[in-house]
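# Reading the structure
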Amino acid sequence: MSELYRAAGVDIAAGDSASRLAYRHAQSTFGNRLGKMGVPINVEDGFSGLIDMGPFCLTFNSDGVGSKAHVAWQMRRFDTLGYDLVAMVADDACCLGAEPVAIVNTLDMERVDTEVVEPLMAGLEAAAAVAGCAVVGGEIAELRDGVRGISWSASCIGTVRRERALDGTGVSAGDTLLGVRTDNFRANGFTLLRSILQGHLGDQWYQVEYEHNRSWGEVALEPCRIFTPLVLALTGGFEGEPRARIHAVAHITGGGLRHNVSRVIPRGLCPVWDQLPDIPLAMKRVMDMGKVPWVEAERVWHLGVGMVIVTPEPQRCRDVAHELGFVATPIGRVVEG
């Protein structure tokens, strides 16, 4: 149970229940496409929807930057959130082996302000280039009574050849769980992060020095690393040559490491954790400050692992990761049970 997170205003269990309820209703609509182009493929606990288009499949998923947007609003800095937005949706799409193709975004604003919109969209443009996708549309809505500051979300469509779709069925006992390192908070668990920092450092916590002339606000606002280029390099994307055998990929966002990895491990198998990396220093300081137990921090944040690659060829994956500037280390394995 994530008691501190619930006290801060987010109930993970309620969110999981709501997601299961919503997906049951969604599944009941799949029959609407029977006999037509674009029949949904049921992927339980998938990171993206999967749609059968005959010789290939589409992926389609949505997410947002959450309350990290509140930090940007307090800091009056908006040039980094685009990386968070692209990471949340493009990295989810590539978990199914898909190559992200296009993004549309929805920006809800308390008051439309071009001085806010310009750096947001410039950051989105730069981040889309990293993920290799296009921004093909969007919506900007002024909601005076419906939002405080800004709220930003996006949807991503991707393509994957049917035989390359990662649906978890290829996972087998003996596969290595390869963790890809990340050293910042990404874009999850910010309600708890902000609650702890505000409670201990005051309302202006984001201006308080962290270290080396960096403020806590700057630390919190560090943009997400986009993992899509690494995953596509390994799988080959839609048309490229795979550089390693990949059986599954898990994006470590809301729900934490164990929960998200369990989503891609088939029944009859389970993950065993050998050695997790050190917790990022800023995250460890927040845990100490708020007396957050490890089990709750692992459920709310990622503890230094942003993506997990399930593979029988860990060294090949590590070589590719190193080549692209990522750090990937074995953190566990798949066993029967």
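Our structure is the block above this text.
Bear in mind the structure is a predicted one, so any value in this text is a computation, not a measurement. (Residues numbered from 1 in each chain as written. Predicted model: local features only at pLDDT ≥ 70, side-chain atom pairs only at ≥ 80, totals over all residues. Heavy atoms only, no water.)

### Examining the packing of aromatic side chains
Applying the stated criterion across every chain, the model contains eight aromatic pairs. Here the aromatic rings of Phe185 and Phe190 are separated by 6.4 Å at their centres, their planes lie at 75°, and the arrangement is edge-to-face. In this structure Phe185 comes out as buried when scored by relative accessible area, which is 3%. The interplanar angle of 70° and the centroid separation of 4.7 Å between the aromatic rings of Tyr210 and Trp216 together place this pair among those described as edge-to-face. (Phe/Tyr/Trp six-rings, centres within 6.5 Å; stacked < 30°, edge-to-face > 60°. Buried < 20%, exposed > 50% of the residue type's maximum accessible area, 1.4 Å probe, protein only.)

### Quick word on the pattern of salt bridges
The final tally for this structure, using the stated rule, is 14 salt bridges. Ionic pairing is found between Glu3 and Arg6, a salt bridge with its closest N-O pair at 3.9 Å. With Glu3 and Arg6 both in helix 1 (residues 3-8), this residue pair falls three residues apart, about one helical turn. Using a relative accessible area of 36% as the deciding quantity, one classes Arg6 as partly exposed. (Salt bridge = Lys/Arg side-chain N within 4 Å of Asp/Glu carboxyl O. Helix = DSSP H or I, 4+ residues; strand = E, 2+ residues; numbered from the N terminus.)

### Focus: the nonpolar core
Grouped together as the largest cluster of nonpolar side chains are 55 residues, with contacts concentrated most on Ile150 and Trp301. By residue number, the principal contributor to this core is helix 4 (residues 81-93), which donates eight residues. Not counting residues up to four positions away in its chain, the partners in contact with Trp301 are Phe185, Asn188, Gly189, Leu192, Leu193, Ile196, Gly256, Leu257, Met283, Val286, Met287 and Val292. Among the nonpolar cores identified, the runner-up in size contains 44 residues, and Val171, Val261, Val305 and Val320 belong to it. (Core = buried A, V, L, I, M, F, W, Y, C linked by side-chain atoms within 4.5 Å. Contact = heavy atoms within 4.5 Å.)

Everything listed here is a matter of coordinates, which is why it stays silent on function.
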